[in-house]
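Chain and residue survey
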Amino acid sequence: MEVFKIVIFAFKKILHIPEAQPRFVQISFTNYCNLSCRMCIRNYIKVEQRHMEWDDFIVIVGKIKGAEQVALAGMGESLLHPRIFDAIKYCKDRGLKVQLTSNALLLKEDDVVEKIIDSGLDTISFSLESVSNDCDVGHGNKIAVQNIERLIRRKKELGVSKPKTVIQPILFKDKVKDICEIVAWAADVGVD
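Now for a description of the structure that goes with this document. (Residues numbered from 1 in each chain as written. Predicted model: local features only at pLDDT ≥ 70, side-chain atom pairs only at ≥ 80, totals over all residues. Heavy atoms only, no water.)

**Points about the sheet that holds strand β5 (residues 164-169)**
For the record, the criterion: Only strands that DSSP links by at least two bridges are regarded as paired with each other. A run of H or I in DSSP counts as a helix once it spans at least four residues, and a run of E counts as a strand once it spans at least two, with each numbered from the N terminus. Axis geometry follows a simple rule: fit a line to the C-alpha atoms, using only the stretch in contact for helices, then measure angles between N-to-C directions, giving values from 0 to 180 degrees. Residue contacts are counted whenever heavy atoms from the two residues lie within 4.5 Å of one another.
With parallel pairing, five strands are arranged side by side in an open sheet as β1-β2-β3-β4-β5. Every interior strand has two partners, whereas the edge strands, β1 (24-27) and β5, have only one. On average, adjacent strands in this sheet sit at an angle of 20° to one another, irrespective of strand direction. Where β1 lies against strand β2 (residues 69-72), four bridges are found, and the strand directions are parallel. Residue pairing in the sheet places Q26 in a bridge with A71 of β2. Docked against the sheet, helix α5 (residues 141-158) engages β4 (123-128) and β5, running at close to 160° with respect to β4.

Here it is, written out as structure tokens:
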């Protein structure tokens, strides 16, 4: 039955037949960020900085029908929202897979790593521009690399597979070499 679903899904994609309901929902849970990266969209559009109110979040998640996964990501650092772990639990309790995007800088404290692992989070994606130096356009990559490695080490120590770790490199035309280094590093340390 699962193979049949995959074949139907692929057939619809090839023919550009939209789904009746979205399978993936993205909620911009916060637009606060601990960085001010030069290439970030936040520099080009003016929006009030705020965390989504909990009651609004409950209403939005309550209206999700048929989706399999929710991404709590947007124009900010997801881990800055004071109720991020409540939000993960709320979505997980409703049978949704949950994904976050982070710049990895807030993983410097072991308790954050533990909370991420204990939360049931399915996937965490990390924005990264380089592993060998700190880019002039992004953030402190060396610290981010150490923090990502800390999370992966802790998962191995605990013998758990979640959250799946994904690297989202940003390609700059003059930094193609950095993408190759990121891929090699990610394979070496066990990024999913």
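**What about unusual backbone geometry?**
Looking along the chain, the bond that leaves K162 and enters P163 is cis, with omega of 0°. Note that P163 resides in the loop between α5 and β5. If you check the backbone angles, A104 has positive phi at about 75° while not being a glycine. Mapped onto the elements of the fold, A104 is located in the loop between β3 (97-102) and α4 (110-118).

**Brief notes about a nonpolar patch on the surface**
We apply this condition: Patches draw on residues past 30% relative accessible area with no salt bridge. Two like charges within 9 Å are joined, as are two nonpolar side chains (Val, Leu, Ile, Met, Phe, Trp, Tyr) within 5 Å. For every accessible area listed, the method is Shrake-Rupley and the probe measures 1.4 Å; residues are considered covered only by the protein chains on display. Think of a salt bridge as a Lys or Arg side-chain nitrogen and an Asp or Glu carboxyl oxygen that are within 4 Å of each other.
Together, F11, I14, L15 and I17 make up a nonpolar patch on the protein surface, roughly 410 Å² of accessible area in all. Secondary-structure assignment places L15 in the loop between α1 (2-14) and β1.

**Regarding α1**
What counts, and what does not: Each helix should span, by expectation, one fewer than its residue count multiplied by 1.5 Å.
Between its terminal C-alpha atoms α1 stretches 19 Å, which fits the 18 Å expected from 13 residues at 1.5 Å a residue. H16 lies just past α1 and shows a positive phi near 55°.

**Here we look at the packing of aromatic side chains**
The line we're drawing: Between 30 and 60 degrees the pair is tilted, below 30 it is stacked and above 60 it is edge-to-face, where a pair is any two Phe, Tyr or Trp rings, Trp via its six-membered ring, whose centres lie within 6.5 Å. Only protein chains enter the area calculation, which uses a 1.4 Å probe; residues under 20% of their type maximum are buried, those over 50% are exposed, and those in between are partly exposed.
As enumerated under the stated definition, the model contains four aromatic pairs in all. Look at W54 and F57: their rings are 5.3 Å apart centre to centre, the planes differ by 35°, and that puts the pair in the tilted class. One end of the pair, W54, and the other, F57, are both in helix α2 (residues 54-62), three residues apart, so they sit about a helical turn from each other. Summarising the burial analysis for this pair, W54 and F57 share the class buried.

**Structural notes on the layout of surface pockets**
Stated precisely, the cut-off is as follows: Note on definitions: the grid is 1 Å and covers protein atoms alone; a cavity is a set of points where a 1.4 Å probe fits but cannot get out; a pocket is an open set with protein on both sides within 12 Å along at least five of seven lines; lining residues have an atom within 4 Å of a point. Grid points are joined across faces, edges and corners, and a volume is the space filled by probe spheres set on the points. Residues are grouped as follows: nonpolar covers Ala, Val, Leu, Ile, Met, Phe, Trp, Tyr, Cys and Pro; charged covers Asp, Glu, Lys and Arg; every other residue, Gly included, is treated as polar.
Looking at the largest pocket, its volume works out to about 480 Å³. As for the largest pocket, its lining consists of 24 residues, and the residues nearest its centre are C40, G74, G76, T101 and S127. Among the elements that take part in the lining of the largest pocket, β3 stands out by supplying three residues, more than any other. Looking at the lining of the largest pocket, its residues break down into ten nonpolar, eleven polar and three charged. Taken as a whole, the second largest pocket encloses approximately 210 Å³ of empty space. Here the lining of the second largest pocket is built from residues that sort into four nonpolar, no polar and six charged.

**Regarding α2**
Put simply, the rule is: The arc in question is formed by the directions pointing from the helix axis toward the C-beta atoms.
Every buried residue belonging to α2 is among W54, F57 and V61, and all of these are buried. Taken down its axis, α2 places every buried residue within 55° of arc, on the same side. The secondary structure elements touched by the buried residues of α2 are β1, β2 and α3 (84-93).

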